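Residue-level structural notes
What follows is each chain in one-letter form.
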Amino acid sequence: MTSSKKKDLTNKLQYIFEYSIENGILPVIWIDEEGLVIYHNKIVMTFINEDTLVDKYIYRTSSDVKKSDWTNLWERLSESDPYKFIYEYYNKKSDKIFTFDVFTTKVVYEDI
């Protein structure tokens, strides 16, 4: 396979991967060490009935997660992988609590 064909295949696979995550039926949320949501896929907005969680701290959007809880969770993520916890999100607009079983995996890529 030529380098041009490899690059074309890599680009196609990257597109398929990104499309699959963005349009998947399961919520995907990326949260940094400080608890800041840096990405979520489209289905998250359907579940929580909000425009976006990006640039919001997870412990400020959840009815049951405090900053100290997030710090402890992050430390546990660093020690063991994967980790499971319950996340409850209170939506003020609809006056509903959404409960998620969260399965976590810590990913480190070039200091991101």
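Anything mentioned here points back to the structure above.
Residues numbered from 1 in each chain as written. Predicted model: local features only at pLDDT ≥ 70, side-chain atom pairs only at ≥ 80, totals over all residues. Heavy atoms only, no water.

1. Brief notes about the nonpolar core
So the rule is basically this: The nonpolar core is taken to be a set of buried Ala, Val, Leu, Ile, Met, Phe, Trp, Tyr and Cys residues, with the residues joined through side-chain atoms within 4.5 Å. Exposure categories follow from relative accessible area, calculated using a 1.4 Å probe and restricted to protein chains: below 20% of the type maximum is buried, above 50% is exposed, and the middle band is partly exposed. Each helix is a run of H or I in the DSSP string that is no shorter than four residues. Each strand is a run of E no shorter than two, and both are numbered from the N terminus.
Core analysis: the biggest nonpolar cluster contains 14 residues, and I48, L53, I58, W70, Y87, Y89 and F100 have the highest contact counts within it. For this core, the elements supplying multiple residues, two or more each, are α2 (42-48), α3 (58-61), α4 (67-79) and β3 (83-91).

2. A word on the environment of Y39
Put simply, the rule reads: In this analysis, two residues are considered to be in contact whenever any of their non-hydrogen atoms come within 4.5 Å of each other. Distance and chemistry together define a polar contact, namely a pair of N or O atoms within 3.5 Å, with one atom able to donate a hydrogen and the other to accept it when in protein, and with adjacent residues in sequence counting only for side-chain atoms on both sides.
Here Y39 lies in strand β2 (residues 37-40). For Y39, a relative accessible area of 18% corresponds to the buried category. Each residue touching Y39, except ones within four places of it in the same chain, is listed here: I21, E22, V28, I29, W30 and V54. Reaching out from Y39, the side chain makes a polar contact with the side chain of E22 at a distance of 2.5 Å.

3. Thoughts on the pairing of β2
Operational definition: Any two strands between which DSSP finds at least two bridges are classified as paired.
Pairing analysis gives three bridges linking strand β1 (residues 29-31) to β2, with the strands arranged antiparallel. Each bridged residue has a counterpart across the sheet, and for W30 the counterpart in β2 is Y39. Hairpin geometry of β1 and β2 is characterised by an intervening segment of five residues between the two adjacent antiparallel strands and by a positive phi of about 95° at G35.

4. Comments concerning the side chain of H40
Structurally, H40 is set in strand β2. Here T52 takes part through its side chain, which lies 3.2 Å from a polar atom of the side chain of H40. Here L53 takes part through its backbone nitrogen, which lies 3.0 Å from a polar atom of the side chain of H40. Excluding its chain neighbours within four sequence positions, the residues that come into contact with H40 are E22, V28, I29, M45, T52, L53 and V54.

Interpretation note: all reported values are geometric properties and have no functional meaning in isolation.
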